[in-house]
Amino acid sequence: IKASGQRELGPVHLTHPLQEGDPPLPQEAVPLQEELFPPRVPIEQKEEKLARFMDHSLPEPESWNPAQHCQQGRYQGGWGHRLDGFPPGRPSPDNLNQICLPNRQHVVYGPWNLPQTGFSHLIRQGETLNLLETGYSRCCRCHSYTNRLDCAKVMWEDAMTRFCEAEFSVKTRAHWCCKRRGEARFSCFQDEAPRPHYQLKACPSHQPGISSGPELPFPPGLPTLDNIKNICHLRRFRSVPRNLPATDPIQRQLQALTRLEGEFQHCCQQGNNHTCTWKAWEDTLDSYCDQEKATNTHHYSCCHYPPSPARDECFARQAPYPKYDRDILTLDLSRITPNFMSHLCGNQRVLTKHKQIPGLIQNVTARCCDLPFPEQACCAEEEKAAFIDDLCGPRRNFWQDSAFCCNLSPGDEQINCFNTNYLRNVA
């Protein structure tokens, strides 16, 4: 919330029940500094030692983003003269079904996955691909196959024409196909298309976000100043995994997690007391290791260390969800698919202070989730277009459009701007 009282579009948190078979959240390996873990000292001396610890926090792993982990356009040796999917293939009866495939993967390009200096030609290519995908989303909603194909052809020709206009607007050398005119230009782009049938390289096909249901989230992440809000505010949404093997090692881990959640509750009632959560985490894992060592079976690897910063660092490194975001699902609203709707129409709750995106989600779920499954995604795209018209029309003065999307032409340009700047990574 800005000081002026205006609201910006921002991240939205959806809590979602964990389902068996859901893919785990990929986690980046994060280097830890030994100084983050203060020496083990008696409890009465921990407050003084913790002051130095609280001045530093573990670096947060980057959010899972398909554009980063399965990135089109970047060669192993660096950036080249074109993005991996550029130029796009010309729509035809041979590729239309693939273009309109509900779960076809594509990348939304922007400053987060393109170099911002020395590669302006890649930025123009990315903007062209973004605009084209926005147009395809609208064309694929046409019920008539002929109308769908005609619409896609017009969108492609318009996108390539706009690309050439952008190429000629700068002093650098324009794409060689742009030097031709009319059908010769379009044929050139089609001949240069690396994947004219829109069949991409093997990429992760799952949507980012949910962990596997029966997997035990052990060890718990180290409480830091950056994750304390998730620890406390999302505590009531964290579910205890069920249907776990009734083995002693699993049960000891489950008991440790259950005990820690109880300690967290007391700490959070003290105003998100980070000192309290950190002590609870350390004491709980020490007790867990005491139980492990009391058995003759193979001990958890971190318990081979004595109570020390080395043990703390070991547990922190191995935590599968260091941000305590196991029940958070990140969705891409830039292209609504049936798979997306299966998540959105399920048991979820929006956690945000911003009114715009939750309003859009409320419109979509209220008007589309009761429709037959094949019609839900189409309905959602229509609701999104209507919602953007409303935001840039009657409600224009009620929020701050930091990306200036409403200054663009209504229709595909505005929708593409919203997709790129506001809706591509909604958590």
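A quick note: this is a predicted structure, and the numbers were derived from the prediction, not measured.

Conventions adopted
- Residues numbered from 1 in each chain as written.
- Predicted model: local features only at pLDDT ≥ 70, side-chain atom pairs only at ≥ 80, totals over all residues.
- Heavy atoms only, no water.
- Helix = DSSP H or I, 4+ residues; strand = E, 2+ residues; numbered from the N terminus.
- Contact = heavy atoms within 4.5 Å.
- Areas by Shrake-Rupley, 256 points an atom, 1.4 Å probe, with all protein chains shown as cover.
- Disulfide = S-S within 2.5 Å.
- Buried < 20%, exposed > 50% of the residue type's maximum accessible area, 1.4 Å probe, protein only.
- pLDDT = per-residue confidence, 0-100.
- Axes fitted to C-alpha atoms, helices over the stretch in contact; angles between N-to-C directions.
- Parallel < 35°, antiparallel > 145°, perpendicular 65-115°, else oblique.
- Left-handed = near helix turned anticlockwise from the far one by under 90°.
- Nonpolar A, V, L, I, M, F, W, Y, C, P; charged D, E, K, R; others polar.

### Side note on the overall build of the chain
Turning to step 1, where the next piece is worked out: Of regular secondary structure, the chain possesses 14 helices and six strands.
Turning to step 2, where the next piece is worked out: Taking the contacts inside the chain whose residues are at least 6 apart along the sequence as the reference set, 75% of them involve residues at least 24 apart.
Turning to step 3, where the next piece is worked out: Carbon together with sulfur atoms contributes 50% to the accessible area of the chain, which is approximately 21300 Å² in total.

### Observations concerning the state of the cysteines
Turning to step 1, where the next piece is worked out: Considering all chains together, one arrives at 12 disulfides under this definition.
Turning to step 2, where the next piece is worked out: Residue C164 pairs covalently with C178 via a disulfide, S to S 2.1 Å. The sign of the -85° torsion about the S-S bond sets the C164-C178 disulfide as left-handed. With a gap of 14 residues between them, C164 in helix α5 (residues 145-168) and C178 in the loop between α5 and α6 (182-192) connect regions that are remote in the sequence. Of the two residues, C164 and C178, both sit in the buried class.

### With respect to the confidence of the model for the chain
Turning to step 1, where the next piece is worked out: In the predicted model, the chain carries a mean pLDDT of 75, and the fraction of residues at 70 or more is 72%.
Turning to step 2, where the next piece is worked out: Within the model, the stretch residues 42-77 combines pLDDT values under 50 with 84 contacts to residues more than four positions away or in other chains.
Turning to step 3, where the next piece is worked out: In this model residues 202-214 is a low-confidence stretch, pLDDT under 50, and it forms 54 contacts with partners more than four residues away in sequence or in other chains.

### Description of the packing of helix α4 (residues 120-139) against α5
Turning to step 1, where the next piece is worked out: At a closest axis distance of 9 Å, the pairing of α4 and α5 adopts a crossing angle of 160°. Taken together, the axes of α4 and α5 are roughly antiparallel relative to one another. In this structure, the crossing between α4 and α5 has a hand that is right-handed. Contacts between α4 and α5 pair R124, Q125, T128, L131, L132, G135, Y136, R138 and C139 from the former with R148, C151, A152, M155, W156, A159, M160, R162, F163, A166 and E167 from the latter.
Turning to step 2, where the next piece is worked out: Looking at the contact of α4 with α5 residue by residue, the class counts come to 12 nonpolar, three polar and five charged.

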